[in-house]
Amino acid sequence: MIADCEMLGLDGGMRLRTTMDVLTPKIVDITAEGLSLSGNLTSEELGLTDADASIRDTVAVGLDLRAIERTIYVTGVMEGTAVHQCVRCLKDFDAPLAFSLRVVYEREVKAPVVAKQPDARKKKTQTLPDDGEEDQNDDLYYFSGDHLELAPMLREQLILAAPMHPLCSEECLGLCARCGKDLNEGPCRCREESTGSPFDVLRTMKDKLRGTGNR
Ligand SMILES: [Zn+2]
Ligand SMILES: [Zn+2]
């Protein structure tokens, strides 16, 4: 099963499994040898709303799940096209989306308020098959029942991966603060009015100040 899934290219668009299987793998299928999952997921399947993050079409997701003792380690990649709104000109633009993720799932403990020992997870992390990034703090998620719910985690990882201040271009000129015109499309009238040097601005300010002082 593992070998078959691993052969799937991320961009191939092929699907061996239905999407529901990709998003809700059974715990019993996740072993120490690992379980590979891949699929193309829509915003809907990921539970993404427009307020979270926008994607074009689908996101290709490739995941590797590994159970060690009672902890499930998930590594993977997400690839697709994100739609961001430029913080300067407020226009939507497409940007390639590609990032890797590393998270940990532990079974939710319903036990009567036994405080989770902070050390417990650290110890387990050290038993993770070494790939040189042991000190990285993996995001922790919980599962209950007989399967994982991956959608909420994938949704969160997508949101975390989005830039805080998306720019359509480093050179984006943004909108005029006075008239709101998109300055990437050309200068606005406000600009033509004040094409002078900064000294002109200072001069007019001085004149104004003098004017009020004389009154
Ligand atoms: Zn812009
Ligand atoms: Zn303007």
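In what follows, the structure referred to is the one given above.
Not measured: the values here are computed from a predicted model. (Residues numbered from 1 in each chain as written. Chains lettered and ligands numbered in written order. Predicted model: local features only at pLDDT ≥ 70, side-chain atom pairs only at ≥ 80, totals over all residues.)

Turning our eyes to something else, we now look at the overall build of the chain. Scanning the chain for helices and strands turns up 7 helices and 5 strands. Secondary structure of the chain in N-to-C order comes out as α-α-β-α-β-β-β-α-β-α-α-α. Here the chain holds 215 residues, and 16% of them are scored as buried. Summarising the internal contacts of the chain: among those between residues at least 6 apart in sequence, 64% fall at separations of at least 24. (Helix = DSSP H or I, 4+ residues; strand = E, 2+ residues; numbered from the N terminus. Buried ≥ 20, exposed ≤ 12 C-beta atoms within 10 Å, placed from the backbone. Contact = placed C-beta atoms within 7 Å.)

A word on the sheet that holds strand β1 (residues 35-42). Strands belonging to one sheet form pairs held by backbone hydrogen bonds; the direction of such a pair is parallel or antiparallel. Reading across from one edge, β1-β2-β3-β4-β5 is the order of the 5 strands in this open sheet, with mixed pairing throughout. Looking at strand neighbours, the two that pair on one side only are β1 and β5 (139-143), the edges of this open sheet. Taken pair by pair, the neighbouring strands of this sheet meet at an average axis angle of 25 degrees, ignoring direction. In terms of strand pairing, β1 meets strand β2 (residues 54-68) through 8 bridges, oriented antiparallel. Within the sheet, the bridge partner assigned to L35 lies in β2 and is L65. (Pairing = 2+ DSSP bridges. Axes fitted to C-alpha atoms, helices over the stretch in contact; angles between N-to-C directions.)

So, about the nonpolar core. With 27 residues, the main nonpolar core has V59, V61, I72, M78 and L154 as its most contacted residues. Of all the secondary structure elements, the ones that give two or more residues to this core are α2 (19-23), β1, β2, β3 (71-85), β4 (92-107) and α5 (151-161). The greatest single-element share of this core, amounting to 6 residues, is contributed by β2. (Core = buried A, V, L, I, M, F, W, Y, C linked by C-beta atoms within 7 Å.)

A few words now on α5. Residues M153, L154, Q157 and L158 constitute the buried set of α5. Within α5, the buried residues cover an arc of 135 degrees as seen down the axis, which keeps them to one side. Of the exposed residues in α5, the ones pointing more than 90 degrees away from its buried face are P152, I159 and L160. Buried residues along α5 sit against α3 (43-46), β2, β3, β4 and β5. (Arc of directions from axis to C-beta.)

What follows is about the pairing of β3. Regular strands place side chains that alternate from one sheet face to the opposite one. In the sheet, β2 pairs with β3 via 12 bridges, with the strands oriented antiparallel. In the sheet register, I68 faces β3, and the bridge partner there is T71. Where β2 folds back onto β3 in an antiparallel hairpin, the turn is made up of 2 residues, including E69, whose phi is positive at roughly 55 degrees. Pairing analysis gives 15 bridges linking β3 to β4, with the strands arranged antiparallel. The partner of G80 across the bridge, within β4, is L97. Turn length for the β3-β4 hairpin, with the two strands adjacent in sequence and antiparallel, is 6 residues, and the turn residue L90 shows positive phi of about 65 degrees.

On to the environment of A177, then. Counting through the fold element by element, A177 comes out in the loop between α5 and α6 (189-193). Sequence-wise, A177 and C190 are 13 residues apart; in three dimensions their C-alpha atoms are separated by 9.4 Å.

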